[in-house]
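Here's the letter readout for the chains.
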Amino acid sequence: MSAFATEELLGTFVPVIVYWVYSGLYVLMGSTSRFDDYRLHPRKDEDTKNLASKSTVVKGVIVQQAFQIAVSLFLFTVARNNATETVTTGTSLITLAGQFGVAMLVLDTWQYFIHRYMHINKFLYRHVHSKHHRLVVPYAYGALYNHPLEGLLLDTVGGALSFLVSGMSPRTAIFFFSFATIKTVDDHCGLWLPGNPLHVLFDNNSAYHDVHHQLYGNKYNFSQPFFIGWDKILGTHMDYTLQKRKGGGFEARPVKD
């Protein structure tokens, strides 16, 4: 098997493995009372407020990942047929950083406008996007619990565009999509952990996205998975404060204008 083909397979399957391993870490943390003081919702709310069972969520995520694998393999095949088979060992750090930056902006832009339109269009919200919002209390492995059409449009097509526009190689894609996967899982983890570097580096984090999953924030905080720029620019940003909750944990409360 050629190096190029190996990188294609890694770029396809590594993000899937990262999804379950990283979300599994959060499951382990959430299973012990030691982390109850960092929860954004009481532990029991995952079962009492959510409208989809955890087994249903797992099945739904597996279906979406099957779509992603098929599209990724097709995408890498197209890239291989339009490129000479070389192993990119000399790509500079500046080039890699630029490709990461472009891919992040493309993915953020695509997901903001598709996500927002799925809230504006009543048919799409009722029959497609509302499936994701059945998780009123988000948790890590529910991050990709979507209707298959939403998964295709939002994540799979968005990922394909970010790959193509940025010009990154399959090798770079392994790291980019693994990072994007970690970020998406983290945004849905339901925990606010002190010192979490993703909370330090990004304003778009688990508390920010938790606001969107609540009834009062349903029409705000559409940005995902990296920045909050489009929310700020287009007036859909809802600020919040984190307050200690009686009984332990935090609560993200909207800031009144």
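It should be emphasised that the depicted structure is a prediction, and the values quoted were computed from it without experimental measurement. (Residues numbered from 1 in each chain as written. Predicted model: local features only at pLDDT ≥ 70, side-chain atom pairs only at ≥ 80, totals over all residues. Heavy atoms only, no water.)

## Description of the packing of aromatic side chains
Considering all chains together, one arrives at 16 aromatic pairs under this definition. Residues tyrosine 112 and phenylalanine 222 carry aromatic rings whose centres are separated by 6.2 Å and whose planes lie at 80° to one another, so their mutual orientation is edge-to-face. With tyrosine 112 in helix 4 (residues 93–120) and phenylalanine 222 in the loop between helix 9 (206–213) and helix 10 (229–234), this residue pair connects regions lying 110 residues apart in the sequence. Across the pair, exposure class does not vary: tyrosine 112 and phenylalanine 222 are buried alike. Here the aromatic rings of phenylalanine 176 and phenylalanine 226 are separated by 6.2 Å at their centres, their planes lie at 40°, and the arrangement is tilted. Here phenylalanine 226 lies in the loop between helix 9 and helix 10 and phenylalanine 176 lies in helix 7 (residues 170–187), a separation of 50 residues in the sequence. A relative accessible area of 0% places phenylalanine 176 in the buried class. (Phe/Tyr/Trp six-rings, centres within 6.5 Å; stacked < 30°, edge-to-face > 60°. Helix = DSSP H or I, 4+ residues; strand = E, 2+ residues; numbered from the N terminus. Buried < 20%, exposed > 50% of the residue type's maximum accessible area, 1.4 Å probe, protein only.)

## Considering the environment of alanine 143
The residue alanine 143 is located in the loop between helix 5 (122–127) and helix 6 (148–166) in this model. For the pair alanine 143 and isoleucine 228, spaced 85 residues apart in sequence, the C-alpha separation works out to 18 Å. Not counting residues up to four positions away in its chain, the partners in contact with alanine 143 are Tyr19, His132, Thr184, Val185 and His188. (Contact = heavy atoms within 4.5 Å.)

In short, geometric facts, not functional conclusions.
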